[in-house]
Structures are given as C-alpha cells and as structure tokens.
Amino acid sequence: MSGCSCMASVRAPLLTDSSLFHAARPVFSNSRRFHASPTLGRHAPTPKINPDSLAETLEEHRFANRTVVRRIKVRSPPNLLPESYGGDKVKKARRRGPLEPEHLISSQRELMKLRKLTRELERLNERHMKKLYPTALKSLPPKTERQGPVQCNWLEYMNGQESKNGYTRLSDELLAFELYMSEIRQEKEAVRKVIGEIEEILKPIGGDSNRRPILVGSRYTGMETRNSNVDLMIPMEDPDGLPTSVRGPSVTRPKITAIQMGILVQSARLLRATGTFSNVTVKKEHVPFVSAIHSATGRSSRIYCGLKPHSSMEYVLGYKAEFPTLRSLYIALRMVLETRGMFGMENRTIDAYGLTMMIVAALKLGEGKFSRSDLAKQFMHVLRFYKDLDLLRYGISVEPPALFRKRAHARARGAEPLPHVRGQKSIAKRSIARGDKMLCLQDPADFMNDLGMSSFDMSKVKDVFGKVHDDILEKVEAWDGEAQAGKELVSDAKAGLNVEPTEPERPSLLRYALGSNYDHLEVLRDKALCACS
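Because the structure is a prediction, the values reported are computed rather than measured. (Residues numbered from 1 in each chain as written. Predicted model: local features only at pLDDT ≥ 70, side-chain atom pairs only at ≥ 80, totals over all residues. Heavy atoms only, no water.)

Participant: Explain the overall build of the protein to me, please; I cannot follow it from the model alone.
Facilitator: Counting its regular elements, the protein contains 20 helices and nine strands. The buried share among the 533 residues of the protein stands at 40%. By sequence separation, contacts in the protein at least 24 residues apart represent 63% of the contacts at least 6 residues apart. Put simply, the protein shows about 31,500 Å² of open surface, and 54% of that area lies on carbon and sulfur atoms. (Helix = DSSP H or I, 4+ residues; strand = E, 2+ residues; numbered from the N terminus. Buried < 20%, exposed > 50% of the residue type's maximum accessible area, 1.4 Å probe, protein only. Contact = heavy atoms within 4.5 Å. Areas by Shrake-Rupley, 256 points an atom, 1.4 Å probe, with all protein chains shown as cover.)

Participant: How do you make sense of the sheet that holds strand β2 (residues 230–235) when you look at a structure like this?
Facilitator: Sheets are built from strands paired through backbone hydrogen bonds, the pairs being either parallel or antiparallel. Reading across from one edge, β1-β2-β5-β4-β3 is the order of the five strands in this open sheet, with mixed pairing throughout. Two strands close off the open sheet at either side, each with one partner strand: β1 (214–216) and β3 (277–283). Sheet twist, expressed as the mean angle between neighbouring strand axes with direction ignored, is 25°. Two strands pair when backbone bridges link them, and strand β4 (residues 289–294) and strand β5 (residues 300–306) are joined in this way by four bridges, in the antiparallel orientation. Directly across from serine 291, in β5, lies its bridge partner arginine 302. In the packing of helix α11 (residues 254–274) onto the sheet, contacts are made with β2, β3, β4 and β5, and the angle to β3 comes to roughly 165°. (Pairing = 2+ DSSP bridges. Axes fitted to C-alpha atoms, helices over the stretch in contact; angles between N-to-C directions.)

Participant: Sorry, what's going on with the side chain of glutamate 338 here?
Facilitator: In this fold, glutamate 338 is placed in helix α13 (residues 326–338). Within polar-contact distance, the side chain of glutamate 338 engages the side chain of asparagine 227 at 3.0 Å. Apart from residues lying up to four places away in sequence, glutamate 338 is in contact with Asn227 and Phe343. (Polar contact = N/O pair within 3.5 Å; in protein donor to acceptor, adjacent residues only side chain to side chain.)

Participant: What is the right way to look at the nonpolar core in this model?
Facilitator: Note on soluble globular proteins: their nonpolar side chains tend to be buried together. Membership of the largest hydrophobic core comes to 62 residues, with the highest contact counts inside it found for Phe379, Tyr386 and Ile472. Setting aside residues up to four positions removed in sequence, tyrosine 386 forms contacts with Met358, Ile359, Ala361, Ala362, Ile396, Lys462 and Phe465. One finds Val191, Ile198, Ile263 and Leu271 within the second-largest nonpolar core, a separate group that totals 23 residues. (Core = buried A, V, L, I, M, F, W, Y, C linked by side-chain atoms within 4.5 Å.)

Participant: I'm lost on the environment of leucine 264 in this one. Help?
Facilitator: Within the fold, leucine 264 resides in helix α11. Assessed through its relative accessible area of 0%, leucine 264 is described here as buried. In the structure, leucine 264 is positioned 19 residues away from lysine 283 in sequence and 9.4 Å away in space, judged by C-alpha atoms. Once you skip the residues sitting within four places of it in the chain, leucine 264 turns out to touch Val282, Pro288, Phe289, Val290, Ile303, Tyr304 and Cys305.

Participant: Please explain the pattern of salt bridges as it appears in this structure.
Facilitator: Where charged atoms from two side chains of opposite charge approach closely, those side chains can pair. The final tally for this structure, using the stated rule, is 19 salt bridges. When the shortest N-O distance is used, the salt bridge between glutamate 173 and arginine 169 registers 3.1 Å. With glutamate 173 and arginine 169 both in helix α7 (residues 166–181) and four residues apart, the pair spans about one turn of that helix. Using a relative accessible area of 0% as the deciding quantity, one classes glutamate 173 as buried. Given a relative accessible area of 13%, arginine 169 falls into the buried group. Here the salt bridges share partners, and the residues they tie into one network are Glu183, Glu187, Arg219, Arg299 and Arg525. (Salt bridge = Lys/Arg side-chain N within 4 Å of Asp/Glu carboxyl O.)

Participant: I would appreciate a short explanation of helix α8 (residues 185–201) in the present structure.
Facilitator: Each full turn of the α-helix corresponds to 3.6 residues, which orients residues three or four apart in the same direction. Taking 1.5 Å per residue as the helical rise, α8 with its 17 residues ought to reach 24 Å, and the 25 Å between its terminal C-alpha atoms agrees with that figure. For α8, every residue scored as buried is listed here: Gln186, Glu187, Ala190, Val191, Val194, Ile195, Ile198, Glu199 and Ile201. (Expected span 1.5 Å × (residues − 1).)

Participant: So what exactly am I meant to see when it comes to the packing of aromatic side chains here?
Facilitator: The geometry of an aromatic ring pair is captured by two quantities: the separation of the ring centres and the angle between the planes. Inspection of every chain in the model, using the stated rule, returns eight aromatic pairs. Residues phenylalanine 289 and tyrosine 304 carry aromatic rings whose centres are separated by 5.4 Å and whose planes lie at 45° to one another, so their mutual orientation is tilted. Here the residue phenylalanine 289 occupies a position in strand β4, and tyrosine 304 occupies one in strand β5, the gap between them amounting to 15 residues. By relative accessible area, phenylalanine 289 is classed as buried at 9%. An aromatic cluster of at least three residues, connected via ring pairs, comprises Trp154, Tyr157, Phe177, Tyr180 and Tyr518. The lysine or arginine in question, arginine 340, covers the ring of tyrosine 512, its NZ or CZ lying 5.2 Å from the ring centre. Stacked on the ring of tyrosine 167, the Lys or Arg lysine 377 has its end atom at 5.8 Å from the ring centre. (Phe/Tyr/Trp six-rings, centres within 6.5 Å; stacked < 30°, edge-to-face > 60°. Lys NZ or Arg CZ within 6 Å of the ring centre and 35° of its normal.)

If you want it as structure tokens, here you go:
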C-alpha cells in the first residue's frame, strides 16, 4: 500500500504540471490559424499518451506516424495535334510503345515543325482553349439539308437565248439565280412597312431625331436577298461626351455596354407590348441585338445599338463598285452553303461579311486571269481558290491582297512592323492552334480582327466548294461537247432534209450546287403579297 501511495504521490505533481503546461500554451484566434506558429489549427493533434501503459502509448505514436500511400496514375498530356500533322499517328504510336520518327513523318524538316507545334499546343490547357475559342468545345446537333424535291426555280428567269458555250450558260444561270433571289416590288414595300412600324414603336426611346433607328447591314449595302434580315441600329451618344470622329476609349468598355443593354432591353419590351412582333428575344452575343419576327410579313428583324455604324459597310460598298459581279457571286456562294446548313456563326462557319471578304480576296489575288465582267470564270476561280487553299499554313489578307504564312509571322521578331503586318502576327498566333479547321482572314476594316475565328468547320466548307467546282467543271465540258455535236447535226439536217431540229432541254449546270427546296422563300413572298394587297 505504501508503494502505491508513493507512486500516486509522484504521478500527481506530473499530471498537475502537464495540465499547467497545456493551459499556459498560447491560444490564437481563428485569424491566425494558418500562421507559422505551432498552434492546433496548423498541426495535427498530439497523439494520445497513456501514463499507465507504455505499450499503448507507443502504438498510438506508431499509428500517427503511418502515412497513407496513394498511387497516382500519370497521364500523358492531351493530344491537340491536328490530323494533318499526324495527331492520330501519335496516339496510336503511344499505345504501341515509344514514339519513333518514322511512324510520324518522313522528312526531318517536318519533324522539327511537329515538335515545335507540339510544345506550343501543350501550353494551351482547357481554360485557355475556352477563353480563345468559347464555342469550340460546344457540340452542335447535326443539321441536315432541307427535305423535299430538288428545285431549279431560277431556270424560269433565263433570258431564253441559246448559250454559245458552257461558261456562257453558267453566267446566264448565275444571273438568273440572282434575279430569282432578288425582291419584287411587293416585298420591298413589306420591308419598308416593317421599318416604319419599328421606328414608330421605338419612338419613346429616342425622344428626338438623333435617336431614330437607321438602316444597316445587307439592305444598306445592297447585298440583300429575299430572306435577308431587316437590320436597324439605334444610335447613341458617348457617355463621356467624346466625339465619334476621333479615336478615344474603347467602344466596348463596360460603361457603354451597360447603356447598350439597357436600350436593347427597353426596345424588346416595347416590341413585345405591341403584339405586332413575335419571338422577341435579346441576344447577348459579342455584339448584342434584339431579334424579332414581324407577324404579318414573316420578316426577321434585328435591332442593334451603337455609337456609329461599323466601317465594314463602307468597305463593302467600295468593293461592290470595284467588282460589278460581287453581288451575284455572294448570293450564289451563300446559297451553296445555306442550303446545306453550313452558313452563319450559329453553324460555326463564315458569316455574311466574312463570305464577302473571302470573295473579294480571291478576286484580288486572281487579278488578270479573267475579265471583271466574266461571272462564270470568277465563280469557278473562287471555288478553286478555297478548294486548294492550305488552311494550316496560310492566312489571307484583303488589304493589301496577299497570302501570308502563319508560322512565319508567329516567329517574326525585329523592327516595328507595318499595321497590317502587326495584325497578321496577332491573328496568326490565335489561328495556328486550330490547325487546318479554321480560316484565317484579316479584316480590312480592323487589322486585329480575324473574320475566320468562328469558322471551326471550315474544312467542310472546303470540301463542299471542291465538290461543287468539280461537278460544274464536268458539266461545262459536257455542255461544250454536246453543243459541238448539236452543231454537226444541224449542219447535216440543213444539207439533207432542210428541217430545223429542236434543241433538247438540258439540265441545269447549278443543279448540284444550288438545287434545293425553296418553298420557304415562296411562303415569304406570299405573305408579302397578302400584306401589301
């Protein structure tokens, strides 16, 4: 008993001193939890100490000192190489074993390009890709062509004269198609009616003549078709009182965008309140606008808001005066894409202004190969130009007209370049990461703007242009052969029976290119006729 009491008397002071020691430790607030001091908030709790059992205390310490081992599988970086540079071969070679140069490409020069491109693309993680290409990672539902019988309604607008050769026939059909896609008098009256109603509805926003909506877009430049939108812009003043004729702060700064959205939201409310327009929505795109459909005529309308109209419209007017066939080429190429569901930014291809600049660039680069009034050869030249264009290596400049190497501009260093060269270097860096799936087209109105940034499916557009070109070329050659054979038959008939043979009806040269179901255009025309009757 005396031994136990002695041991108890010895333990008591130790426990008392231990409790005093813990009580004397400084207790920091939550704000110093992650400070470098050895507090309870930073380090793990001290292992339990059992004064009565040394074995149990040691076991607690061993358990606390054990570490959890996690086996982390090391993953290879994502393969961002385009297929044209052997991206699929890299993936297969990694599965088989070590990557060998002969499995990838043959020449040493291309191997060096591939390694450099690999290093550049691996720096782009998913966050950077979303920042540079916000719509690239979004999957769109597959769009099919318009169902229904193939129609060649433009043949009714032919002049009725016999064509001399295949290219003359092609020019006649392109002019007839432009006439078919143009508006008649009643449709123009319906458009003026829509514009007048929008101006009347939006009067409370302006309050004076300066805020009256002005006409912009294709109807201002004269590039409109039967189904073109009615684009209007509400002008606004700079909130800082800066004149629009001089260069000042950015027109897309938050102060201006907030005012623009306020005006557009108010415009949408006024349009909904009247009941004249349906499907009124505010589109918060890069350039926000209000989209609406006029119920009586079925015309789609878009209302923008800005300090002044974009200078790109003046460029279109200038190029239209320079190339008289620009409108005919634009309408034909647009419908080649539109009938296949491959036109517009919503389809991840080129938009109207971008397609116009594509045509202008091809015509400027092909200057001297054809006459400015030779519509057929210009049409075939544009198709062949983009069919053979290497999207991976080259970008296109409209002013001055040129093809520039994207990788050379990305590596260029030295003296201060010219404004258009500096713009080419900027857009080449952004475009090169997409490989051969994106068009690099420099905007003549803004050298830093790439008109091909939305064309993520440009390779499909190239395929369509190539197939259309080959089909028309084959039909033109067949037309010339049949025409020659027909002349021989006519001469034989005149020499023999003296009977004038009738020319058999030949199929359209543009049947594959433009043949589609155009019933939706006839519906729009019927609505315009009813509204103006």
